[in-house]
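A closer look at the structure
Next come the chains, spelled out residue by residue.
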Amino acid sequence: RQQLSQITKFSTLHPRPEGHKYAYGTAGFRLLGSLLDSVVFRVGLLAALRSRKLDGETIGVMITASHNPPDDNGVKLIDPQGEMLEASWETYATKFANAETDDELTKEYLAVAEALKINLDSPSNVVFARDTRASGPALVAALKDGLRAAAADYADYRILTTPQLHYIVKCINTGKSATPYGDPSEQGYFDKLSTAFKIVTKGKPKPPIVTVDAANGVGGPKLKELARCIGSDYLDINVVKDEIDAVERLNFQCGADFVKTQQKLPVGLEPAPFELYASLDGDADRIVFYYVDESNKFHLLDGDKIASLAAMFIRDLIAVSGVDLQVGVVQTAYANGSSSKYLTDILKVPITVTPTGVKHLHHAAQLFDVGVYFEANGHGTVLFSNSSMKTLESFEAQNPGQQDAVTTLLSLAALINQTVGDALSDLLLVIAILSHKAWGPNEWDLTYTDLPNRLVRVVVKDRTAFKTEDAERRLIEPKGLQGNIDALVKKYKSGRSFVRASGTEDAVRVYAEAATRLEADELAVKVSDSLK
Ligand code: 16G
Ligand code: ZN
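Residues numbered from 1 in each chain as written. Chains lettered and ligands numbered in written order. Predicted model: local features only at pLDDT ≥ 70, side-chain atom pairs only at ≥ 80, totals over all residues. Heavy atoms only, no water.

1. Overview of the site of ligand 1
Close to ligand 1 lie Thr26, Met84, Thr356, Gly357, Val358, Glu375, Asn377, Arg500, Ser502, Gly503, Thr504 and Arg509. Here an oxygen atom of ligand 1 and a backbone polar atom of Val358 are 2.9 Å apart. The separation between an oxygen atom of ligand 1 and a polar main-chain atom of Gly503 is 2.6 Å. When ligand 1 is considered free in solution it has 450 Å² of accessible area, and contact with the protein chains removes 85% of it. Residues that form the shell around ligand 1 fall into these classes: 2 nonpolar, 7 polar and 3 charged. Two domains each put at least three residues into the shell around ligand 1: domain 3 (303–445) and domain 4 (453–530). (Near = heavy atom within 4 Å. Polar contact = N/O pair within 3.5 Å; in protein donor to acceptor, adjacent residues only side chain to side chain. Areas by Shrake-Rupley, 256 points an atom, 1.4 Å probe, with all protein chains shown as cover. Nonpolar A, V, L, I, M, F, W, Y, C, P; charged D, E, K, R; others polar. Domains from an automatic or database assignment.)

Given below as structure tokens:
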């Protein structure tokens, strides 16, 4: 067949480096950009197949390594509704990437097609984009070769944030449906968000000025464009760390991951007390907020604080409107104990806990009418179910107060990227809520006080020996370890600790929290020692 011989032929141009074992993990393939040429070519083949399997629905391919250092890069697939690639296909991705020879790759391609009864002559549609990394253009060329070899139709969306591409994929695939998600273009994305933001904040006090550290990544120019669409009458934004041409500065001593893991300000930022600050990561799908107080002490407002703020606001709007809908929150084991307590005891909002990784949270959030999910690291969004949307759209308000609340809820659903966590959309969401409440970062922070916590990375002989249950909160293997952890935790007031194998690094992670900083640190160290 012509396609198969094309694949073999093109594949010779993208040889697989010897001795490297690839794995499609929670973040797709991610490693040094120089090791990714063959992988990205092969992802092109797989994307073409995936689209054919789904009757020509459009599949997305994003080339980015998010918060990783500048020399890294990565690639991941986006399913038709803008969701992460279906888990069963991760195995095919890994197989393709590891095929030893061009022939073996072609055989693998045919094997998947046969196993899944894919007609190789059927239409295939793929869209792709990349972040600002230097290795991006060459990887795009490899991807195009893969798509050409597999005879797929494709469109290059050039430089986008990851969530923008998720948005575009969903727009394309819902375009002919009764409920199109939006215009499948970058301008369509800006228009949708800015229109919704203006409706949500209409008649409210102008939001507090916010300074955003864009990690010297793709989020910088995109946020400026979005702010321009919204206009300075509605929003005051100051974007810093936006040097996308200084490629070596990407994520360097700045950005959401730096701020969250180091629990400190981006280097070089000189904050004014009680003003609002935020940091994006390198592909703008994560955001954390922070401020300093009068004594210049740093206060982090992380994913848990965002989830609590959003849940509170939406819960109150639902109550005012009188619509019969339930808001729920999805967290992971990393959620600060104080946030869970605040949600349960004060807001009386149900919580589901899932294992780490966006796909787990996303699916759990789909089970609520309105599902708020955030990882503590700042990745998250709010999902309005189809039936909630219908309920809201057809609701007949009895008074202007109810009407206002319903309009705000509907506009929130448009403002919030429903496909995946989106730093730009989350930023607007938070600002809009603060504007409604006439709050600054300090008032937001006062909703509850985080328990001091510590995260430690422990290198062990074999991390795969660490098996967990109860959404990663308890170890079942190696046998006996959980008993030791329980005994340690008991000694600390408000103590909590868990151990899980990292999905992205060869190590296990130990999380501990307790009533005081000293105790949290001590508990983390003791639990870490108990693993050796
Ligand atoms: C991946 C996940 C992220 C999670 C992180 C945990 C996605 C898109 N990304 O980056 O959500 O927080 O892994 O890393 O699911 P770890 O397993 O090394 O702790
Ligand atoms: Zn990211």
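So that's the structure; there's more coming.
2. Quick look at the pattern of salt bridges
Considering all chains together, one arrives at 27 salt bridges under this definition. For the salt bridge of Glu243 with Arg249, the shortest nitrogen-to-oxygen distance reads 2.5 Å. Exposure remark for Glu243: the relative accessible area of 38% places this residue in the partly exposed category. Measuring nitrogen to oxygen at the nearest pair gives 3.0 Å for the salt bridge that ties Arg509 to Glu505. Residue Glu505 is classed as partly exposed on the basis of its relative accessible area, which comes to 30%. Taken together, the salt bridges that share partners define one network made up of Arg50, Asp79 and Glu86. (Salt bridge = Lys/Arg side-chain N within 4 Å of Asp/Glu carboxyl O. Buried < 20%, exposed > 50% of the residue type's maximum accessible area, 1.4 Å probe, protein only.)

3. What about the domain arrangement of the protein chain?
Looking at the assigned domains, one finds that the protein chain contains domain 1 (2–159), domain 2 (188–299), domain 3 (303–445) and domain 4 (453–530). Placing the centre of domain 1 and that of domain 3 at their C-alpha centroids yields a distance of 34 Å. Contacts between domain 1 and domain 3 engage 5 residues on the former and 7 residues on the latter. Both sides together, the interface formed by domain 1 and domain 3 hides about 500 Å², and carbon and sulfur atoms give 57% of it. Joining domain 1 to domain 3, the criterion identifies 1 salt bridge. Linking Lys359 and Glu90 is a salt bridge whose minimum nitrogen-to-oxygen distance equals 3.0 Å. For the interface between domain 1 and domain 3, the tally reads 2 residue pairs in polar contact (both at pLDDT 80 or more). Looking at the side of domain 1 that touches domain 3 residue by residue, the class counts come to 1 nonpolar, 2 polar and 2 charged. (Contact = heavy atoms within 4.5 Å. Buried area = accessible area lost by both parts, 1.4 Å probe.)

4. Observations regarding the nonpolar core
Within the largest apolar cluster, 77 residues are counted, with the highest numbers of intra-cluster contacts made by Phe289, Val372, Val382, Phe384, Leu412, Leu427 and Trp444. Look past the residues within four positions of Phe384 in its chain and what remains in contact with it is Asp369, Val370, Met389, Leu392, Leu409, Leu412, Ala413, Ile416 and Gln418. Membership of the second largest hydrophobic core comes to 46 residues, among which are Phe29, Leu36, Leu77 and Leu143. (Core = buried A, V, L, I, M, F, W, Y, C linked by side-chain atoms within 4.5 Å.)

5. A closer look at the sheet that holds strand β8 (residues 276–280)
Strands belonging to one sheet form pairs held by backbone hydrogen bonds; the direction of such a pair is parallel or antiparallel. The strand order across the open sheet formed by 5 strands is β7-β6-β8-β9-β10, and the pairing between neighbours is mixed. A single partner strand is all that each edge strand has here, and the edge strands are β7 (237–240) and β10 (298–301). For this sheet the average axis-to-axis angle between neighbouring strands, irrespective of direction, equals 25°. As defined by bridge partners, strand β9 (residues 287–292) adjoins β10 across 4 bridges and the pair is classed as antiparallel. The residue bridging Val292 from the neighbouring strand is Phe298, located in β10. The strands touched by helix α15 (residues 423–437) are β6 (210–213), β7, β8 and β9; relative to β9, the strand with the most contacts, the crossing angle is about 45°. (Pairing = 2+ DSSP bridges. Helix = DSSP H or I, 4+ residues; strand = E, 2+ residues; numbered from the N terminus. Axes fitted to C-alpha atoms, helices over the stretch in contact; angles between N-to-C directions.)

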